[in-house]
Amino acid sequence: MIAYIVRRLILALLTIWAISVVTFVIIQLPPGDFVDAYIVQLSASGSVVRFEEAQALRQLYGLDQPVWVQYGKWIIRVVQGDFGASMEWNRPVTEVIGDRLWMTIVISFAAIIITWGIALPIGIYSAVRQYSFADYIFTFVGFVGIAVPNFLLALIIMYFGFKLFDLNIGGLFSSDYQLAPWSWGKVWDLMKHLPLPAVILALAGTAQLIRIMRANLLDELRRPYVTTARARGLVEWRAVMKYPVRAALNPFASTIGYLLPFVVSGSIVISLVLSLPTVGPLLLRALLAQDMFLAGTIVLLLGILTVIGTFISDLILMWIDPRIRAGMHE
Amino acid sequence: MNLGTVTLGRSMLARLLLGTALVFGIASAPETLAQSSLSQSGLVGQPEGITIITDPAQWPKTFNEAPQLAELVKQGKLPPVKDRLPEDLMVIKPVREIGKYGGTWRRGFTGPGDDENGNRLNASDRPLLVDHTGAKPNPSLAKAWKMSDDGKTFTLFLRKGLKWSDGAPMTANDFVFWFEDIYSNKDILPQGIPDMTPQGKPGRIVKVDDYTVNFVFDVPFYLFEDLMAGDTLIGGGQAVRQSNKRSHGAYAPAHYLKQFLPKYAGGVEAANAAAKAEGFDTWLTRFHAKKDWTLNPALPVLGPWRTVQPINNAIWVMERNPFYWVVDPAGNQLPYLDRVTMTLAENLEVLNLRAMAGEYDLQERHIDIGKLPVILENQTRGKYKVHLDLALNGTDAIYHFNQSFEADPEIAKWLRNADFRRALSLAVDRKQLNETFWLGVATPGSTAPGEALPYFPGPGWREKWSTFDQKKANEMLDAIGLAKKDAQGFRVRTDNGQRLRLQVQAVQAFLPWPKISEMVADQWAKVGIQADVRDTERNLAFTRTQNNEHHIMVWNNGGTELLYLFPRHAIPVDPTEAFMGPEHAKWFNSGGTQGKKPDDPNIMKIFELYQSAAGQKSDDRVKTAQEIWKILIDQQYAIGTVGQSPALMGVRLVSERLGNVPSRNCIAQHCRTPGGAHPETWYYKN
């Protein structure tokens with residue numbers, strides 16, 4: 001057991017290291033370097049940087065050194081928590097991301113809770129009452145949900161929200177509260193704005209989860225142990241929930257790994273459409289502007305969170321699935 | 001992503017403007033319909049502007065101030081309003097009535113690169129500012145000015161008692177400080193600017209007394225008066241010229257900025273150490289951050305509002321400058337509005353939707369003309385009124401052919417071929433563009449400035465090489481050696497027989513240039529020219545053009561209507577946004593030491609004419625400008641499409657509550673739309 005966790009931990013560290021290398025390559029990918037961008041910024045004011053000055057700047061930033069030396073310096077800075085400054089925002093990268101991180105987490109958590117809250121009960125119901133009228137309805141809605149791109153859904157809901165209900169367009173606060181310090185009024189204002197983005201974010205995932213849950217549970221329900229349980233007179237509720245549902249939850253647990261990065265970045269397209277102050281649009285913007293310290297940090301962060309998330313889902317799998325635990329002892 | 005982008009034909013707009021009945025009545029004359037419906041719609045107002053009362057006898061003798069400031073005075077944190085105002089007052093009579101204090105002006109902005117959104121609101125922080133017609137300079141920071149008869153000395157008379165937003169006096173010393181310690185500091189500005197260097201001879205700033213500054217030149221420089229009144233490096237003022245790592249603008253707060261310069265801070269080592277301690281890499285990066293009013297709330301400024309929450313936040317907040325030096329005739333210290341809040345919109349669609357929802361109080365920047373029907377539809381709900389302000393520039397989508405492009409010799413060869421450019425211009429169906437993207441209200445034609453302006457080169461130059469003639473375009477392309485086509489009908493390169501592919505770099509900024517360019521590319525495809533439209537982020541696009549990497553760049557030529565004041569989108573003389581040839585602009589700007597000399601004699605001729613204009617008196621300058629326009633249009637270095645429209649900052653949504661807003665804005669670079677209309681005089685009626 002301990003050996004398993006240690007092994008996974010070492011693997012996780014190795015993966016994070018590999019991600020840092022890839023991230024660094026991403027930073028270096030666009031033509032030109034930071035100094036080129038800086039020179040452009042200066043010449044935008046009508047002044048021209050001389051070659052000697054440019055070289056001096058490259059020395060200052062260590063850009064004239066071999067790539068592996070640059071990598072070493074960068075990773076040492078990153079390990080110390082110094083991610084550099086965003087070129088576009090003129091602020092430390094950590095501040096720029098930090099500003100938006102909490103909002104992103106709030107929205108994403110709300111979305112996940114809604115997703116699970118809707119998808120699990122419906123999935124279970126659909127499987128247990130297979131081919132019932134309600135199952136057909138849920139199946140139909142589910143397929144539509146999978147087929148409709150959620151940014152389109154966002155646009156449609158936003159349009160009708162504006163047209164019919166005079167809802168605030170995009171953003172998480174109404175203009176009265178945007179500047180106000182945190183208060184109950186502001187929290188309430190946030191609560192009023194939260195459902196729309198959270199529901200839109202949740203819907204696409206919901207349809208998919210319903211299908212997965214239904215299919216998994218159907219597989220389990222046909223197993224002999226379910227028949228046995230029923231034959232022994234176990235209450236239907238217990239016969240379904242105690243074992244088959246637990247087994248069907250396996251795929252959920254193994255996808256928790258992808259939830260963590262989602263929590264942090266949110267959905268880029270939806271956030272963009274709804275103008276949510278989350279990390280997603282920031283990443284897109286940074287990539288477009290070649291604001292590479294910012295983009296690199298976000299990519300690295302997402303990578304690390306994926307690794308951590310996977311590690312956590314391994315642990316959860318171990319906990320809910322005795323077969324995995326048993327497998328470790330063999 | 002395109003919610004609300006409605007591309008409607010002319011008749012649809014007319015119906016919205018006039019009501020259905022009228023449309024049926026004159027449906028047989030669709031050409032005149034759009035124009036007449038535009039003028040009858042009540043959306044296009046009459047030019048009107050504030051009045052500056054220069055006679056001291058009519059000035060108010062007692063003064064009022066905003067309640068918050070009165071409170072601070074009571075607490076002893078601020079001197080009384082009388083002591084904050086200069087002896088040489090600036091008294092502005094608003095467009096309509098005396099206003100009331102209070103309220104927040106809500107606007108939308110698109111991010112830290114959109115500093116101009118706020119810079120423009122502080123347009124009065126320049127020595128001179130043009131009036132509402134865009135033609136006549138008014139006093140601003142300077143109460144008066146004078147050009148000597150020989151054209152070699154220009155004098156600014158500053159306001160006695162003028163104060164920075166921290167209460168420190170603003171004097172001639174601030175001009176001298178800028179000249180000696182910023183402009184002449186090679187670390188900050190390695191190079192002089194044409195505005196201060198007529199015929200390559202550097203000029204000087206000389207203090208006569210505390211309130212009199214001379215700009216002294218070795219050669220006649222009559223143009224300097226125009227430069228000082230325009231949106232130029234020398235006359236631009238602090239807000240725009242010293243934000244975003246810029247360092248021009250003729251003056252700077254010496255008492256505050258000195259501490260960040262090595263000269264006054266114990267040398268480079270000490271200044272760098274101090275910068276590092278604050279998290280900056282060098283003293284220079286720190287200096288750039290400290291003199292930027294959008295980033296540094298502590299920076300003393302002279303405009304009506306100062307930043308309290310920097311631009312690199314989700315909301316950029318400005319508050320009134322307690323030492324603002326302008327009063328209304330009743331003695332109320334301006335501005336009336338307490339605050340300006342700019343909320344970050346992640347994309348332009350959201351910004352436009354918020355405007356329609358009435359979430360902004362006055363917004364003209366980033367408003368999409370394509371949404372005009374929806375904007376009109378929502379007027380009552382959003383509690384705003386729509387104004388259409390017509391621009392003076394020739395074209396809202398100008399296709400600059402990079403004359404200094406080098407990376408691909410074959411492409412470069414064609415970009416530099418006049419007949420190639422003319423043929424592509426003839427292949428553009430401007431009517432289709434006008435109807436699709438400008439709702440038919442714009443004027444198709446060349447890049448020339450509006451016919452009403454003195455600089456317009458004359459009859460025939462709107463149409464020259466700028467009509468739709470596919471047949472002639474094909475003939476011309478065949479004749480210059482591009483007759484060979486591939487299987488799909490596209491013309492091929494002369495060096496390797498592959499398809500000739502032009503890249504059009506388009507930014508989604510004020511207009512949907514990527515979409516407009518897709519249509520232009522389709523039109524070019526009909527004469528066998530493949531153009532790939534590259535939808536590029538604004539900063540990245542500028543980086544690429546600075547690095548001479550683009551083939552064709554689409555932008556607008558707003559500002560070129562006053563050729564000498566803002567030439568960069570007409571001729572490559574300014575390395576900033578030199579889409580027509582960044583290397584040539586560097587060459588011209590550096591006096592031949594950097595960049596690349598143009599081989600094209602016509603460009604050299606333009607340079608020569610442009611340089612000679614500075615020493616010419618007004619009448620000759622106008623003739624020279626017409627000459628330059630004739631060469632530009634005949635050579636088609638840039639293709640004009642449609643212009644003189646409300647497309648750029650001309651669709652204005654004004655809250656019903658806002659008073660003193662003119663019914664027509666001057667839409668031009670040097671009018672600093674909307675700042676030229678003196679937003680400090682606007683107020684909330686209720």
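Everything quoted here is computed from the prediction, not taken from an experiment.

## Description of the overall build of chain B
Alright, step 1. Secondary structure assignment for chain B yields 24 helices and 25 strands.
Alright, step 2. Since a compact globule built from 686 residues should have a radius of gyration of about 26 Å, the 26 Å found for chain B is in line with a globular shape.
Alright, step 3. Taken along the three principal axes of its C-alpha coordinates, chain B extends 80 × 65 × 50 Å.
Alright, step 4. Out of the 686 residues in chain B, the part that is buried amounts to 57%.

## A word on the overall build of chain A
Alright, step 1. Secondary structure assignment for chain A yields 18 helices and two strands.
Alright, step 2. Contacts spanning at least 24 positions in sequence make up 72% of the contacts within chain A whose residues lie at least 6 apart.

## Concerning helix α12 (residues 283-290) of chain B
Residue and element names in this part refer to chain B.
Alright, step 1. Taking burial as the measure, the eight residues of α12 include seven buried ones, the bulk of the element.
Alright, step 2. Regarding α12, the residues found buried are Trp 283, Leu 284, Arg 286, Phe 287, His 288, Ala 289 and Lys 290.
Alright, step 3. The inward-facing, buried residues of α12 contact α10 (254-257) and α11 (267-277).

## A word on the environment of Lys526(B)
Residues and elements named next belong to chain B.
Alright, step 1. Position of Lys 526 among the secondary structure elements: in the loop between α20 (513-525) and β19 (530-535).
Alright, step 2. The exposure class assigned to Lys 526 is partly exposed, which follows from the 13 C-beta atoms found within 10 Å.
Alright, step 3. Other than its neighbours up to four places away in sequence, Lys 526 contacts Ala 427 and Gln 470.

## Regarding the domain arrangement of chain B
Residues and elements named next belong to chain B.
Alright, step 1. Segmentation of chain B into domains returns domain 1 (86-94 + 108-306) and domain 2 (398-643).
Alright, step 2. Each of domain 1 and domain 2 has a C-alpha centre, and these two points are 33 Å apart.
Alright, step 3. Contacts between the two partners involve 17 residues from domain 1 and, on the opposite side, 16 residues from domain 2.

## Things to note about the confidence of the model for chain B
Residues and elements named next belong to chain B.
Alright, step 1. Chain-level pLDDT for chain B is 89 on average; 94% of the residues reach the 70-or-more range.
Alright, step 2. When the criterion is pLDDT under 50, residues 1-36 qualifies, and its contacts beyond four places in sequence or with other chains add up to 57 contacts.
Alright, step 3. The ipTM assigned to the predicted complex is 0.70, against a pTM of 0.78.

## Remarks on the nonpolar core
Alright, step 1. Grouped together as the largest cluster of nonpolar side chains are 225 residues, with contacts concentrated most on Trp178(B), Ala423(B), Val554(B) and Ile667(B).
Alright, step 2. The dominant element in this core, judged by the number of residues it contributes, is helix α10 (residues 195-221) of chain A, at 10 residues.
Alright, step 3. Val93(A), Val264(A), Val279(A) and Ile298(A) belong to the second-largest nonpolar core, a separate cluster that totals 22 residues.

## Concerning the packing of helix α23 (residues 601-613) of chain B against helix α24 (residues 618-635) of chain B
All names here are of chain B.
Alright, step 1. Axis separation between α23 and α24 bottoms out at 9 Å; the angle between their running directions is 165°. In terms of axis orientation, α23 runs roughly antiparallel to α24. For the crossing formed where α23 meets α24, the hand is left-handed. Residues Asn 602, Lys 605, Ile 606, Leu 609, Tyr 610, Ser 612 and Ala 613 of α23 form the contact with α24, whose own contacting residues are Arg 621, Thr 624, Ala 625, Glu 627, Ile 628, Ile 631 and Gln 635.
Alright, step 2. The residue makeup of the contact of α23 with α24, split by class, is seven nonpolar, four polar and three charged.

## A few points about the sheet that holds strand β1 (residues 51-53) of chain B
All names here are of chain B.
Alright, step 1. Spatial strand order, β1-β2-β12: three strands in an open sheet with mixed pairing. At either end of the open sheet lies a strand with only one pairing partner, and these are β1 and β12 (326-327).
Alright, step 2. Pairing geometry for strand β2 (residues 90-93) and β12, over two bridges, is parallel. The residue bridging Val 91 from the neighbouring strand is Val 327, located in β12.

## Topic: the pairing of strand β7 (residues 153-158) of chain B
Residues and elements named next belong to chain B.
Alright, step 1. Judged by which residues are buried, β7 turns out to be one-sided: Phe 154, Leu 156 and Leu 158 face inward and are buried, whereas Thr 153, Thr 155 and Phe 157, on the alternate face, are not.
Alright, step 2. Inspection of the sheet shows strand β6 (residues 142-147) paired to β7 by five bridges, in the antiparallel sense. Opposite Met 147, over in β7, you have Phe 154 as the bridge partner.
Alright, step 3. Linking β6 back to β7 in an antiparallel pair, the connection comprises five residues, with Gly 151 at a positive phi of about 75°.
Alright, step 4. Pairing between β7 and strand β9 (residues 212-216): five bridges, direction antiparallel. Of the residues in β9, the one forming a bridge with Thr 155 is Asn 214.

## Some words on the environment of Glu451(B)
Alright, step 1. Looking at where Glu451(B) falls in the secondary structure, it is placed in the loop between β17 (443-444) and α19 (470-482).
Alright, step 2. Through-space distance from the C-alpha of Glu451(B) to that of Trp461(B) is 9.8 Å; in sequence the pair is 10 residues apart.

## Some details on unusual backbone geometry
Residue and element names in this part refer to chain B.
Alright, step 1. Of note, the bond from Leu 334 into Pro 335 is cis; its omega dihedral lies within 30 degrees of zero at 0°.
Alright, step 2. Examined against the element boundaries, Pro 335 turns out to sit in the loop between β12 and β13 (339-344).
Alright, step 3. In the segment running from Thr 673 into Pro 674, the intervening peptide bond is cis, with an omega of 0°.
Alright, step 4. Tracing the backbone shows Pro 674 in the loop between β24 (658-659) and β25 (683-684).

## What to know about the domain arrangement of chain A
Size of an interface: often given as the accessible area lost when the parts come together.
Residues and elements named next belong to chain A.
Alright, step 1. Partitioning chain A into structural domains gives domain 1 (2-92) and domain 2 (94-322).
Alright, step 2. Taken together, the 20 residues of domain 1 in the interface contact 18 residues of domain 2.
Alright, step 3. For the side of domain 1 that touches domain 2, the secondary structure elements donating two or more residues are α1 (2-28), β1 (85-86) and β2 (91-92).
Alright, step 4. The leading source of residues in the side of domain 1 that touches domain 2 is α1, at nine residues.
Alright, step 5. Considering only residue class, the side of domain 1 that touches domain 2 consists of 12 nonpolar, five polar and three charged.

## Section: the sheet that holds strand β23 (residues 651-655) of chain B
All names here are of chain B.
Alright, step 1. The sheet built from three strands is open, its strands ordered β14-β23-β15 with antiparallel pairing. The open sheet is flanked by β14 (362-363) and β15 (384-388), the only strands paired with a single partner.
Alright, step 2. Sheet topology note: the β14/β23 ladder contains two bridges and is antiparallel. Counterpart to Gln 363 in the pairing with β23 is Leu 653.

## Here's the deal with the confidence of the model for chain A
Residues and elements named next belong to chain A.
Alright, step 1. With 83% of its residues at a pLDDT of 70 or more, chain A has an overall mean of 78.
Alright, step 2. Looking across chain A, the model is least confident in helix α3 (residues 51-61), with a mean pLDDT of 55, and most confident in helix α11 (residues 224-231), with 89.
Alright, step 3. This model gives residues 41-50 a pLDDT under 50, and the stretch forms 33 contacts once residues within four places in sequence are excluded.

## Looking at the environment of Pro646(B)
All names here are of chain B.
Alright, step 1. With respect to the helices and strands, the residue Pro 646 is situated in the loop between β22 (642-643) and β23.
Alright, step 2. Taking the C-beta count within 10 Å as the criterion, Pro 646 has 28 such neighbours and is therefore assigned buried.
Alright, step 3. Along the backbone, Pro 646 and Asp 389 are 257 residues apart, and their C-alpha atoms lie at a distance of 5.2 Å.
Alright, step 4. Setting aside its immediate chain neighbours within four residues, Pro 646 contacts Ile 369, Leu 388, Asp 389, Leu 390 and Val 651.

## Quick notes on the packing of helix α5 (residues 93-128) of chain A against helix α17 (residues 292-320) of chain A
Residues and elements named next belong to chain A.
Alright, step 1. Across the interface, α5 lies against α17 with an axial gap of 9 Å and an inter-helix angle of 55°. Classed by the angle they form, the pair α5 and α17 counts as oblique. Between α5 and α17 lies a crossing of right-handed hand. For the pair α5 and α17, the contacting residues are Val 93, Val 96 and Ile 97 in the first and Phe 293, Leu 294, Thr 297 and Ile 298 in the second.

## A closer look at the pairing of strand β11 (residues 315-320) of chain B
All names here are of chain B.
Alright, step 1. Judged by how many residues are buried, β11 sits mostly within the fold: five of six residues are covered.
Alright, step 2. Note that strand β10 (residues 305-309) and β11 share four bridges and pair antiparallel. Along β11, the bridge assignment pairs Thr 307 with Met 318.
Alright, step 3. In textbook terms, the turn of a hairpin is the stretch between consecutive antiparallel strands, and for β10 and β11 this stretch comprises five residues.
Alright, step 4. Note that β11 and β13 share five bridges and pair antiparallel. Across the sheet, residue Glu 319 finds its bridge partner in β13, namely Arg 339.

What counts, and where the lines are drawn
By convention here, each chain's residues receive numbers from 1 onward along its written sequence. Chains carry letters from A onward and ligands carry numbers from 1 onward, assigned in written order. Predicted model: local features are reported for residues with pLDDT of at least 70 only, side-chain atom pairs are reported and counted for 80 or more only, and whole-chain, interface and lining totals are derived from all residues. Under the DSSP-based scheme used, a helix requires at least four consecutive residues in state H or I and a strand at least two consecutive residues in state E, with every element numbered from the N terminus. Here the globule rule reads 2.2 Å times residues to the power 0.38, and the radius of gyration is calculated from C-alpha atoms. Comment: burial labels come from other C-beta atoms within 10 Å of the residue's own C-beta, placed from the backbone, where a count of 20 or more is buried, 12 or fewer is exposed, and between is partly exposed. Placing a C-beta atom from the backbone of each residue, one calls two residues in contact when those atoms lie within 7 Å. For the purposes of this description, domain bounds are those given by an automatic or database domain assignment. On a range of 0 to 100, pLDDT expresses the predictor's confidence in each residue. What makes a nonpolar core is a set of buried Ala, Val, Leu, Ile, Met, Phe, Trp, Tyr and Cys residues, with links drawn between C-beta atoms within 7 Å. A fitted line through C-alpha atoms represents every axis, and for helices the fit uses only the stretch in contact; the resulting angles, taken between N-to-C directions, go from 0 to 180 degrees. For classification purposes, an angle smaller than 35 degrees is called roughly parallel, one larger than 145 roughly antiparallel, one from 65 to 115 roughly perpendicular, and anything else oblique. In this scheme the handedness of a crossing depends on how the near helix is turned from the far one: anticlockwise by less than a right angle means left-handed, clockwise means right-handed. For this classification, Asp, Glu, Lys and Arg are treated as charged, while Ala, Val, Leu, Ile, Met, Phe, Trp, Tyr, Cys and Pro are nonpolar and the rest, including Gly, are polar. Should DSSP find at least two bridges between two strands, the strands are taken to pair.

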